[in-house]
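The primary structure of each chain is shown beneath.
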Amino acid sequence: MTRYLISFDDGAMTFPEEDLPDVAKAAHEVVREAQDAGVWVFGGGLESQRASVVATDGMVTDGPYPETKEFLCGLTLVDVADDDAARMWAGKLAEACGWPQEVRRFKPQPRTQ
């Protein structure tokens, strides 16, 4: 099995605020389906504009880099057999939420004893 990050940026959420309860309900139904299938690892939404950047010297700057135009808004981590399975779950989330999802495969982790 391989872990995949399924995510979307804050610019993807283009729906009227009154639709949020229905969108949330549909997304949570996909989460329950993924949990029941045993592929769900983790997921959640991120607070917009609440990032800190910690430099190599320890200096902390509030907010993301100034040139950044899009911010990671939500993410799901699944553990599935292959790219096609990850894309299938991303498609379910995209349909439930009404906006596209990005899929990225995690690099294999070295085994530790």
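Everything below is about the structure printed above this text.
One structure accompanies this document, and this report is about it. (Residues numbered from 1 in each chain as written. Predicted model: local features only at pLDDT ≥ 70, side-chain atom pairs only at ≥ 80, totals over all residues. Heavy atoms only, no water.)

**Structural notes on the packing of aromatic side chains**
Given two aromatic rings, their pairing is described by the distance between the two centres and the angle made by the two planes. What the rule picks out here adds up to one aromatic pair. The cationic tip of K92 hangs over the ring face of W89; the distance from NZ or CZ to the ring centre is 5.6 Å. (Phe/Tyr/Trp six-rings, centres within 6.5 Å; stacked < 30°, edge-to-face > 60°. Lys NZ or Arg CZ within 6 Å of the ring centre and 35° of its normal.)

**As for the nonpolar core**
Counting 13 residues, the largest nonpolar core has Y4, I6, V30, V39, V78, V80 and W89 as its most contacted members. Looking at this core, the elements that each hand over two or more residues are β1 (2–9), α1 (20–37), β5 (72–80) and α2 (83–97). Tallying contributions element by element places α2 first for this core, with six residues. In contact with V39, not counting residues within four places along its chain, are A34, L77, V78, D79, V80 and W89. Membership of the second largest hydrophobic core comes to six residues, among which are F8, A27, C73 and W99. (Core = buried A, V, L, I, M, F, W, Y, C linked by side-chain atoms within 4.5 Å. Buried < 20%, exposed > 50% of the residue type's maximum accessible area, 1.4 Å probe, protein only. Helix = DSSP H or I, 4+ residues; strand = E, 2+ residues; numbered from the N terminus. Contact = heavy atoms within 4.5 Å.)

**Quick word on α2**
Here α2 contains 15 residues, and its C-alpha end-to-end distance of 21 Å stays within 8% of the 21 Å for a straight helix at 1.5 Å per residue. Of all the positions in α2, only A85, A86, W89, A90, L93, A96 and C97 are classed as buried. Here the buried residues of α2 occupy an arc of 140 degrees about the axis, which is enough to place them on one side. Turned more than 90 degrees away from the buried face of α2 sit D84 and E95, all of them exposed. Those residues of α2 hidden inside the fold are in contact with β1, α1, β5 and β6 (102–105). Looking at where α2 begins, the residue whose side-chain oxygen comes 3.3 Å from the main-chain nitrogen of D84 is D82. (Expected span 1.5 Å × (residues − 1). Arc of directions from axis to C-beta. Polar contact = N/O pair within 3.5 Å; in protein donor to acceptor, adjacent residues only side chain to side chain.)

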